[in-house]
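If you want the building blocks of each chain, they are given just below.
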Amino acid sequence: MIKKFKLYILLVAVAFSTVSCLDKMPDDSIPFDESIRTVDDVNLAVIGIYDTFKSSALYSGNLTLLPDLQTDFVYGVNGNTNTYGDIWRWKDILATNTSIEAVYAALYNVINRCNFLLDRVDRVRRNTTDDDDLDQIDQCCGETYFARALAYSELVKLFCKAYESDEDAANQLGVILTKHYLGDEEMRRASLKDSYQFILEDLDRAAELLALDKNYNPSTDGALFNSAIYFNEYTVYALRARVALYMRKWDEAIKYSSKVIDSDYFLLSSCTKNISSGVSYYKYMWTNDLATEVIFKVGFTVNSYGGALGQIFFNYDYSTFRPDYVPAAWIINSYDNNDLRVSTFFQTY
């Protein structure tokens with residue numbers, strides 16, 4: 001009996017010690033209150049935000065690919081592997097569809113990272129006295145506000161009804177809006193009007209904090225090889241123009257798109273002028289991912305992993321091509337016979 005009693009005491013002790021281990025912070029984690037203490041920490045946090053856009057669910061994958069399938073830009077070929085078949089056929093597309101869930105989760109991952117930085121950055125600013133460091137903090141905050149606006153603009157575009165008018169939008173569901181990483185914000189969908197207003201406010205903040213070198217001349221300073229992987233004030237204006245189009249605010253769309261066009265910072269890539277034999281500047285933009293007219297692109301490196309965006313249109317096994325989908329005839333026929341873009345977009349094998 002005494003032995004059993006000792007055994008029970010030992011088991012209880014082990015149980016309590018096991019539970020206490022569950023409360024420990026993982027060795028590779030940093031407590032929220034101890035995170036982002038220096039300007040370098042702020043900069044690293046922004047790099048992390050850029051990195052989230054490399055998700056295979058976003059611009060190198062689902063976010064770009066699935067809408068093209070849903071809008072019949074392409075057709076499935078006979079004998080295809082049925083990859084994304086439910087999306088293309090509009091069959092049984094439920095809220096639990098993993099491809100769509102991945103887009104939603106990846107965009108809120110961007111938002112959460114932005115909120116995490118913005119919640120911590122004021123303490124760094126208060127402890128900073130160097131003017132250059134303060135300027136860098138402002139730059140980082142501008143990039144963060146833009147990243148959050150970009151993520152929310154994609155969410156309202158994909159998961160909400162179209163914006164018809166201010167009055168109608170006030171009665172339509174928008175998305176869940178969060179400003180803080182840790183807080184007691186209510187997790188409920190705001191109105192569509194408030195969701196768009198949130199995006200515009202973030203873009204206004206970003207425009208105030210981001211600026212480009214006004215002495216930059218794209219015609220002489222090698223804009224062709226400008227990587228365009230960082231947000232700047234014209235990236236803000238370009239998105240502001242697009243959001244205005246979503247909101248049917250035509251004058252605002254003209255106003256902000258004109259800021260980009262009139263800046264002379266970006267030059268249209270020529271279809272007739274060649275950068276090398278048989279390769280126009282326009283074609284070079286699509287084959288080499290470099291051009292004067294690129295406003296922003298995700299900064300993939302040779303070691304980055306994204307989505308296999310074009311695989312279903314190619315499926316090359318080093319001997320044959322076995323595409324699951326091919327461009328719809330109506331898409332190809334929408335181009336004029338003399339349109340020089342066709343030879344860039346489409347190849348015949």
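Residues numbered from 1 in each chain as written. Predicted model: local features only at pLDDT ≥ 70, side-chain atom pairs only at ≥ 80, totals over all residues. Heavy atoms only, no water.

Undergrad: Whenever I open this one, the overall build of the chain confuses me. Can you help?
TA: On a plain count of helices and strands, the chain comes out with 13 helices and 6 strands. Residues counted as buried form 35% of the 349 residues belonging to the chain. Pairs at least 24 apart in sequence give 67% of the contacts found in the chain among residues at least 6 apart. Summed over its atoms, the accessible surface of the chain is roughly 21,400 Å², and 53% of this surface lies on carbon and sulfur atoms. (Helix = DSSP H or I, 4+ residues; strand = E, 2+ residues; numbered from the N terminus. Buried < 20%, exposed > 50% of the residue type's maximum accessible area, 1.4 Å probe, protein only. Contact = heavy atoms within 4.5 Å. Areas by Shrake-Rupley, 256 points an atom, 1.4 Å probe, with all protein chains shown as cover.)

Undergrad: Is there a simple way to explain the packing of helix α8 (residues 192-209) against helix α9 (residues 233-246) in this structure?
TA: Helix packing for two helices is described by the angle between their axes and how far apart those axes are. For the pair α8 and α9, the least separation of the axes is 10 Å and the interaxial angle reads 160°. Classified by the angle their axes make, α8 and α9 are roughly antiparallel. Taken as a pair, α8 and α9 cross one another with a handedness that is left-handed. Residues Tyr196, Ile199, Leu200, Leu203, Asp204, Ala206 and Ala207 of α8 lie in contact with α9, whose contacting residues are Val236, Tyr237, Leu239, Arg240, Val243 and Tyr246. Here the residues of the contact of α8 with α9 sort into 11 nonpolar, no polar and 2 charged. (Axes fitted to C-alpha atoms, helices over the stretch in contact; angles between N-to-C directions. Parallel < 35°, antiparallel > 145°, perpendicular 65-115°, else oblique. Left-handed = near helix turned anticlockwise from the far one by under 90°. Nonpolar A, V, L, I, M, F, W, Y, C, P; charged D, E, K, R; others polar.)

Undergrad: Sorry, what's going on with the packing of aromatic side chains here?
TA: For any pair of aromatic rings, the description rests on two quantities: the centre-to-centre distance and the angle between the ring planes. Scanning the model with the defined rule gives 29 aromatic pairs in all. A centroid spacing of 4.8 Å and a plane angle of 25° characterise the contact between Tyr316 and Phe321, whose relative ring orientation is stacked. The lysine or arginine in question, Lys259, covers the ring of Tyr237, its NZ or CZ lying 5.2 Å from the ring centre. (Phe/Tyr/Trp six-rings, centres within 6.5 Å; stacked < 30°, edge-to-face > 60°. Lys NZ or Arg CZ within 6 Å of the ring centre and 35° of its normal.)

Undergrad: Would you mind showing me how to read a nonpolar patch on the surface here?
TA: There is a patch of nonpolar side chains on the surface, built from Phe73, Tyr75, Val326 and Trp330 and spanning about 360 Å² of accessible area. Judged by relative accessible area, Trp330 falls into the partly exposed class, the value being 43%. (Patch = residues over 30% accessible without salt bridge, like charges linked within 9 Å, V, L, I, M, F, W, Y side chains within 5 Å. Salt bridge = Lys/Arg side-chain N within 4 Å of Asp/Glu carboxyl O.)

Undergrad: What should I look at first to understand the pattern of salt bridges in this one?
TA: Pairing is possible between side chains that carry opposite charge, provided their charged atoms lie close to one another. Scanning all chains against the criterion turns up 13 salt bridges. Across the pair Arg322 and Asp317 runs a salt bridge, and its minimum N-O distance is 3.7 Å. On the basis of relative accessible area, Asp317 is assigned to the partly exposed category, the value being 37%. A salt bridge links Asp339 to Arg341; the shortest N-O distance between them is 2.8 Å. Residues joined by salt bridges that share partners form a network here, namely Asp122, Arg125 and Asp138.

Undergrad: Is there a simple way to think about the state of the cysteines in this case?
TA: Two cysteines, two sulfur atoms, one covalent bond between them: this is a disulfide. Counting across every chain of the model gives 0 disulfides. Counting only cysteine sulfurs, Cys140 is the nearest neighbor of Cys141, a cysteine outside any disulfide, at a range of 7.1 Å. Judged by relative accessible area, Cys141 falls into the buried class, the value being 3%. (Disulfide = S-S within 2.5 Å.)

Undergrad: Explanation requested: the side chain of Arg148 in the structure shown.
TA: Its location among the elements puts Arg148 in helix α6 (residues 131-159). Owing to a relative accessible area of 3%, Arg148 belongs among the buried residues under this scheme. A polar contact of 2.7 Å, which involves the side chain of Arg148, links it to the side chain of Asp202. For Arg148, the residues in contact, after removing those within four places along its chain, are Ile111, Cys114, Asn115, Leu118, Thr178, Lys179, Phe198, Asp202 and Arg205. (Polar contact = N/O pair within 3.5 Å; in protein donor to acceptor, adjacent residues only side chain to side chain.)

Undergrad: Looking at this structure, how should I read the packing of helix α2 (residues 39-52) against helix α5 (residues 98-126)?
TA: Viewed as axis vectors pointing N to C, α2 and α5 meet at an angle of 170°, and their least axial separation amounts to 10 Å. What the angle tells us is that α2 and α5 run roughly antiparallel. Residues Val39, Val42, Ala45, Val46, Gly48, Ile49 and Thr52 of α2 touch α5, and the partners they reach there are Asn109, Val110, Arg113, Cys114, Leu117, Val121 and Val124. Tallied by class, the residues present in the contact of α2 with α5 amount to 10 nonpolar, 3 polar and 1 charged.

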